[in-house]
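Below are the chains, spelled out letter by letter.
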Amino acid sequence: IGVLMPGDMGHGIAKVLIENNFKVLTFLKGRSKRTLKLAKEARVINIDNFENFLKEVDIILSIIPPEKAFHQAKFVTSFSSHIEKKITYVDCNAISPNTCLKIEKLFNNKHFEFLDGGIVGLNPIVEKGKTRLYISGKDTEKLETINNKGIIVKSLGSEIGKASAFKMIYASATKGTFALHAAAITAASKTKLFNEYVEELEFSKPEILKAMKNMTPRIPLDASRWEGEMYEIAKTFKTLNLTHKLHEGAADIMKLAQKTPISKENRQTYNKSRTFEEAVNMFVKASKKN
């Protein structure tokens, strides 16, 4: 199995597959030092030559920021003439159904079988094997080989775009809510109502406060990826004749989060001792910058 790329989510999927006796390969040319480190920690085998990588793999899982999904697929298919077998390419990225269909067209040749995919849940190391990979396409049975092997595979049928739509709908509520919570608590702080708002939530909506405290300080860790995801969700909603403005607004919050000092951290270096109010103050200060 090839994993492109073993970043936050990808290295976790690679690690659990390796633990379930799969040979997992990657191609790390041009990747960041952090990705190199995560790949090494997961014990993923790096193949320096991409032609050799394709000769070795039967399944490729594309796990990359959404704005890079098309370019990665184009890179992979540019090597079609070097392939002497059928490879299943699963686009696992947070992209709209329309973007997925554009990518599928790149794979209209005898060398690849294309599957639409969408990952729901946290890194499978954290989820302890309960991360879900939703897939759709003509031959989803091929992915049965990794079902319940560190990850749960769920087929949504033969229609390309179904898995992407499912991912978009799910993330529209989860990450869209994260953005709304961050905007609300930042607004409360900017109007000098932070304590009063927190007190009211403790009294009337403790579940919202709990979610707000859990995710608002962590949004900057993933905001650079999630910004692109919000635009893909907006495209999906617009195609469905629903407002795209909600998630374009959520993308603005992701941009704001990237201006905070927290965005220079990652999941491994995140400062857990930082208080909720300190994190919110960083959003407030970021919102004052041009």
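Residues numbered from 1 in each chain as written. Predicted model: local features only at pLDDT ≥ 70, side-chain atom pairs only at ≥ 80, totals over all residues. Heavy atoms only, no water.

Draft legend 1. Highlighting the packing of aromatic side chains. Following the criterion strictly, the structure yields 13 aromatic pairs and no others. Aromatic pair Phe27 and Phe50: ring centres 5.1 Å apart, planes at 70°, arrangement edge-to-face. On the criterion of sequence distance, the pair formed by Phe27 in the loop between strand S2 (25–26) and helix H2 (33–42) and Phe50 in helix H3 (residues 50–56) is long-range, its members being 23 residues apart. Ring centres of Phe75 and Phe79 lie 5.2 Å apart, and the angle between their planes is 70°; on these two criteria the pair is classed as edge-to-face. According to the relative accessible area criterion, Phe75 is partly exposed, its value standing at 34%. Phe79 sits in the buried class, given a relative accessible area of 16%. Site record: aromatic cluster; members linked through ring pairs are Phe27, Phe50, Phe53, Phe75 and Phe79. (Phe/Tyr/Trp six-rings, centres within 6.5 Å; stacked < 30°, edge-to-face > 60°. Helix = DSSP H or I, 4+ residues; strand = E, 2+ residues; numbered from the N terminus. Buried < 20%, exposed > 50% of the residue type's maximum accessible area, 1.4 Å probe, protein only.)

Draft legend 2. Spotlight on the side chain of Glu232. Residue placement: Glu232 occurs in helix H10 (residues 219–239). We classify Glu232 as buried; its relative accessible area is 7%.

Draft legend 3. Inspection of the packing of helix H7 (residues 162–190) against helix H11 (residues 245–257) at higher detail. Where H7 meets H11, the axes come as close as 9 Å, and the angle between the chain directions of the two elements is 60°. With respect to H11, the element H7 is oriented oblique. Once H7 is placed against H11, the crossing between them reads as left-handed. For the pair H7 and H11, the contacting residues are Ser172, Lys175, Gly176, Ala179, Ala182 and Ala183 in the first and His247, Ala250, Ile253 and Met254 in the second. By residue class, the composition of the contact of H7 with H11 is six nonpolar, three polar and one charged. (Axes fitted to C-alpha atoms, helices over the stretch in contact; angles between N-to-C directions. Parallel < 35°, antiparallel > 145°, perpendicular 65-115°, else oblique. Left-handed = near helix turned anticlockwise from the far one by under 90°. Contact = heavy atoms within 4.5 Å. Nonpolar A, V, L, I, M, F, W, Y, C, P; charged D, E, K, R; others polar.)

Draft legend 4. Summary view of unusual backbone geometry. Note the cis peptide between Leu4 and Met5, where omega equals 15°. Along the chain, the position of Met5 falls in the loop between strand S1 (2–4) and helix H1 (8–19). For Lys128, which is not glycine, the phi torsion reads 55° and is therefore positive. Turning to its location among the elements, Lys128 is positioned in the loop between helix H6 (124–127) and strand S7 (132–136). Phi at Asn148 is positive, roughly 60°, even though this residue is not glycine.

Draft legend 5. Spatial organisation of helix H4 (residues 69–77). Looking at H4, one finds that the buried residues are Ala69, Gln72, Ala73, Val76 and Thr77. Along the axis of H4, the buried residues cluster in a sector spanning 130°; they form a single face. Its buried side turned inward, H4 meets S1, H3, strand S4 (59–62), strand S5 (87–91), helix H5 (97–106) and strand S6 (112–120). (Arc of directions from axis to C-beta.)

Draft legend 6. Inspection of the pairing of S7 at higher detail. With five of five residues buried, S7 lies mostly within the body of the structure. Every second residue of S7 is oriented toward a common face, with Arg132, Tyr134 and Ser136 on one face and Leu133 and Ile135 on the other, all of them buried. Sheet topology places S6 next to S7; five bridges connect them, and they run antiparallel. Within S7, the residue paired with Gly117 across the bridge is Ile135. (Pairing = 2+ DSSP bridges.)

Draft legend 7. Structural detail: the pattern of salt bridges. Tallied over the entire structure, the rule returns twelve salt bridges. The partner of Asp8 in a salt bridge is Arg34, and the shortest N-O contact between them spans 2.7 Å. With a gap of 26 residues between them, Asp8 in helix H1 and Arg34 in helix H2 connect regions that are remote in the sequence. Residue Arg34 is classed as partly exposed on the basis of its relative accessible area of 28%. One salt bridge in this structure joins Arg267 and Asp222, with 2.8 Å as the shortest N-O distance. Of the two residues, Arg267 is situated in the loop between H11 and helix H12 (276–287) and Asp222 in helix H10; the sequence distance between them amounts to 45 residues. Classification of Asp222 as buried rests on a relative accessible area of 4%. (Salt bridge = Lys/Arg side-chain N within 4 Å of Asp/Glu carboxyl O.)

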